[in-house]
Amino acid sequence: MKKALVSVMGVDKPGIIAKVSTALFELNINVLEISQTILDGYFTMLMIVDMTAATVPFADVAARMDVVGNDIGESVNIQRADLFDAMHRI
Amino acid sequence: MIEINEIMQTMQMIHEQHFDIRTITMGISLLSCKKNTDRETAEAVYEKVTRSAGKLVAVGETLEAELGVPIVNKRISVTPVSMISGSDPMAIALALDEAAKQVGVNFIGGFGALMHKGSTIAEECLLESMPEVFQKTERLCGSVNVGSTRSGINMDAVRKMGHIIKKTAELTADTDGFGCAKIVVFANAVEDNPFMAGAFHGVGEPECVVNVGVSGPGVVQRALSEIHGQPFDVLAETIKRTAFKITRVGELVAQEAAKRLGVPFGIVDLSLAPTPARGDSVAYILKEMGLEMAGAPGTTAALAMLNDMVKKGGVMASSHVGGLSGAFIPVSEDIGMIEAAQAGCLTIEKMEAMTCVCSVGLDMIAIPGDTSANTIAGIIADEAAIGMVNNKTTAVRLIPAPGKVAGDTVNFGGLFGFAPIMKVNSANNDEFVERGGRIPPPLHSLRN
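Keep in mind that this is a model prediction, so the values were computed, not measured.

(A) Local environment of the overall build of chain B. Along the backbone of chain B there are 14 helices and 15 strands. The C-alpha atoms of chain B give a radius of gyration of 21 Å, which matches the 22 Å a tight globule of 448 residues would have. Counting only C-alpha atoms and orienting by the principal axes, one finds that chain B spans roughly 60 × 50 × 50 Å. Taken over 448 residues, chain B has a buried fraction of 64%. For chain B, contacts bridging at least 24 residues in sequence account for 78% of all contacts bridging at least 6. Carbon and sulfur atoms form 52% of the exposed surface of chain B, whose accessible area is close to 16200 Å².

(B) Geometry of the interface of chain B and chain A. Opposite the 28 residues of chain B that make contact, chain A presents 24 residues. For the pairing of chain B and chain A, the buried interface totals around 2500 Å² over both sides, and the portion due to carbon and sulfur atoms is 69%. Applying the counting criterion to the chain B and chain A interface returns 3 salt bridges. Its salt-bridge partner being Arg80(A), residue Glu256(B) comes within 3.1 Å of it at the nearest N-O pair. Summed over the shared surface of chain B and chain A, the number is 8 residue pairs in polar contact (both at pLDDT 80 or more).

(C) Structural view of the packing of aromatic side chains. All names here are of chain B. Scanning the model with the defined rule gives 5 aromatic pairs over all chains in all. Taking 5.7 Å as the distance between ring centres and 80° as the angle between the ring planes, the aromatic pair formed by Phe107 and Phe416 counts as edge-to-face. Here Phe107 is found in strand β3 (residues 107-109), whereas its partner Phe416 is found in the loop between β13 (409-411) and β14 (418-420), with 309 residues between them in sequence. The exposure class of Phe107 is buried, given its relative accessible area of 10%. Residue Phe416 is classed as buried on the basis of its relative accessible area, which comes to 13%. When the centroid spacing of 6.0 Å and the interplanar angle of 90° are considered together, the rings of Phe111 and Phe134 count as edge-to-face. Pair noted here: Phe111 is in the loop between β3 and β4 (113-114) and Phe134 is in helix α5 (residues 121-136), with a separation of 23 residues, a long-range link. No difference in accessibility class separates Phe111 from Phe134, as the two residues are buried. Each residue in the set Phe107, Phe178, Phe412 and Phe416 is aromatic and connected to the rest through ring pairs, giving one cluster.

(D) Unusual backbone geometry, seen in detail. In this structure, Ala197(B) follows Met196(B) across a cis peptide bond, with omega equal to 10°. Its place among the elements puts Ala197(B) in the loop between β7 (183-187) and β8 (208-214). A positive phi angle, close to 60°, is found at Asn28(A), a residue other than glycine. Locating Asn28(A) in the fold gives a position in the loop between α1 (16-26) and β2 (30-39). In this structure, His18(B) takes a positive phi of about 60° despite not being glycine. Looking at His18(B), the relative accessible area reads 31%, which means it is partly exposed.

(E) View of the pairing of strand β1 (residues 21-28) of chain B. All names here are of chain B. Of all the 8 residues making up β1, 8 are buried; the element is thus mostly covered by neighbouring parts of the structure. Where β1 lies against strand β2 (residues 71-78), 7 bridges are found, and the strand directions are parallel. Within the sheet, the bridge partner assigned to Thr25 lies in β2 and is Arg75.

(F) Representation of the nonpolar core in the model. One finds Val49(B), Ile76(B), Leu96(B), Met161(B), Leu306(B) and Met351(B) to be the most contacted residues of the largest nonpolar core, which totals 164 residues. The element that contributes the greatest number of residues to this core is helix α8 (residues 232-261) of chain B, accounting for 12 residues. Those residues in contact with Leu306(B) that sit more than four places away from it in its chain are Val220(B), Ile239(B), Leu272(B), Val282(B), Ile285(B), Met289(B) and Ala327(B). In this structure, Val6(A), Ile16(A), Ala23(A) and Val49(A) belong to the second largest nonpolar core, which totals 21 residues.

(G) Region of interest: the packing of α8(B) against helix α10 (residues 299-315) of chain B. Residues and elements named next belong to chain B. Their axes nearest at 7 Å, the elements α8 and α10 cross at an angle of 50°. As the angle between them shows, α8 and α10 are arranged oblique. The interaxial crossing formed by α8 with α10 has right-handed handedness. For the pair α8 and α10, contact is made by Phe232, Leu235, Ala236, Ile239, Lys240, Ala243, Phe244 and Thr247 and by Met305, Leu306, Met309, Val310, Lys312, Gly313 and Gly314, respectively. Of the residues contributing to the contact of α8 with α10, the split by class is 10 nonpolar, 3 polar and 2 charged.

Reading the values: rules and limits
- Along each chain, numbering runs from 1 in the same order as the chain's sequence is written.
- As a convention, the first chain written is A and the first ligand written is 1, with the rest following in written order.
- The predicted nature of this model means local features are confined to residues of pLDDT at least 70 and side-chain atom pairs, given and counted, to a pLDDT of 80 or more, with totals for whole chains, interfaces and linings taken over all residues.
- Water and hydrogen atoms play no part in the side-chain values, which are based on all heavy atoms of the structure.
- Helical segments are the DSSP runs of H or I of at least four residues, strand segments are the runs of E of at least two, and each set is numbered from the N terminus.
- Our radius of gyration is a C-alpha quantity, and the globule rule it is checked against amounts to 2.2 Å times the number of residues to the power 0.38.
- Exposure categories follow from relative accessible area, calculated using a 1.4 Å probe and restricted to protein chains: below 20% of the type maximum is buried, above 50% is exposed, and the middle band is partly exposed.
- Note on contacts: a residue pair qualifies if any of its non-hydrogen atoms lie within 4.5 Å across the two residues.
- A 1.4 Å probe and the Shrake-Rupley method give the accessible areas. Residues count as covered only by the protein chains that appear here.
- Here's the idea: put two parts together, see how much 1.4 Å probe accessible area each one loses, and the total over both is what we call buried area.
- Any Lys or Arg side-chain nitrogen located within 4 Å of an Asp or Glu carboxyl oxygen qualifies as a salt bridge.
- Whenever two N or O atoms come within 3.5 Å, that pair is a polar contact, provided that in protein one can donate a hydrogen and the other can accept it, and provided that, for residues adjacent in sequence, both atoms are side-chain atoms.
- Any pair of Phe, Tyr and Trp rings, taking the six-membered ring for Trp, is counted once the centres come within 6.5 Å. Such a pair is stacked with planes under 30 degrees apart, edge-to-face with planes over 60 apart, and tilted for the rest.
- In this analysis, strands are considered paired if DSSP registers two or more bridges between them.
- Here, the term nonpolar core denotes a set of buried Ala, Val, Leu, Ile, Met, Phe, Trp, Tyr and Cys residues that are joined through side-chain atoms within 4.5 Å.
- Think of each axis as a best-fit line through the C-alpha atoms, taken over the contacting stretch in the case of a helix, with angles from 0 to 180 degrees between the N-to-C directions.
- Angle categories are assigned with fixed cut-offs, so that under 35 degrees is roughly parallel, over 145 is roughly antiparallel, 65 to 115 is roughly perpendicular, and the rest are oblique.
- Left-handed is the label given to a crossing in which the near helix is rotated counterclockwise from the far helix by less than a right angle, and right-handed is the label when the rotation is clockwise.
- Note on residue categories: nonpolar means Ala, Val, Leu, Ile, Met, Phe, Trp, Tyr, Cys or Pro, charged means Asp, Glu, Lys or Arg, and polar means any other residue, Gly included.

Okay, structure coming up:
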């Protein structure tokens, strides 16, 4: 499984999950887990997704997330989950 | 499954605590480039470097985007040039500088020589060319190894390096002697160091290799900020755990980069490398341990522990650890060190003591422009002696800023930062330095 983390930071407003997950759906990326919280006053949403069947390369997904972020006025990033596994799992 | 709090911790490290991969450095052997003339060699060097490292920057940038961790520098180290050069090393220097520009790396290291026991004709020519080379090139760095635990100290090379540093400073006087920031004088130089300016690709290395240097003084500082008042045992454990996490990311990046570049993975260098940014300082870690500033009594002990715990935490996180692996204590590149030097709390003599217990040496220290070549050579000899006797790598990177006196400030910009000119003990040492010859290697029994 090629897992990645989508992180959304900014101000809480309606439609964030809808917009981000629609974009992911269009790229055939499956959402595995969602968590959201307020951190230092900022809305923070984290999504763990499975990119195994994604229809486009990673860089294109990242570009698409950028577009969605601009659209909804939030910072939307995607990064491979290997990073977190490496750091926190032996 | 990864826990949300672990994700948040990683993201805070990156976004708030300046955690980054400091460098992906590709080591390239130039031994196959040696031709009949230096001009032909230079052409072969340019061709090999641009071919081998053509994808380096792109791969670094892709990995940075995919993992979301900044990879600050992409660099190249090459075989010490004196092994392939003849009477005109300048031609090869210019080819290396051009190659670096062509592939988009900010520094290329290896314009140097290994002279710990003596010098060849080519090495003498290369040494001679150094001041002009570092005046005329932009991205080239070099180092000279003048001593080792097994062979002692080559005092002829030490004396010459004093003059070369002086001359380089004079030729680059318009930038306060910045040329000297690209020259490192080593004892016990390592062959797989990915950090500049001292990186070179040793002769024991493979054809091509990828080495990665991690960093993260800010991450360690932050971890320590949460355990004030706790005993040293807790301090040690906290540093180890933090170093482990940082190094794991270095290992991941190194393995991925090697795979994508199609070259073997060499080592991860565990060094804590500061930058002039606030919150990215090794000196601030010492502060967090309870010292008012770097240089206060206790500094050497604090640094000894920090250095050792970084290694202990890091070795388990990587399959191959190497390079310089320790805490760097440059002056101009560390805001906490700059502040301590400005306040007069940190002197060159105290730093010399600090270098006995940590990586690497007297680094990026600006000294008065009228410091004599022999005084510089004396400082190099002292530092090399520390390395030789303690079986560790030591280095000297001094900048005698032309026209500046103690108390002035020089600004090198970017990652090189700015530095107060530090006072140098200028008592005469001419007879000592000018003796020449070699200091024999130390005995390894009867250690007291």
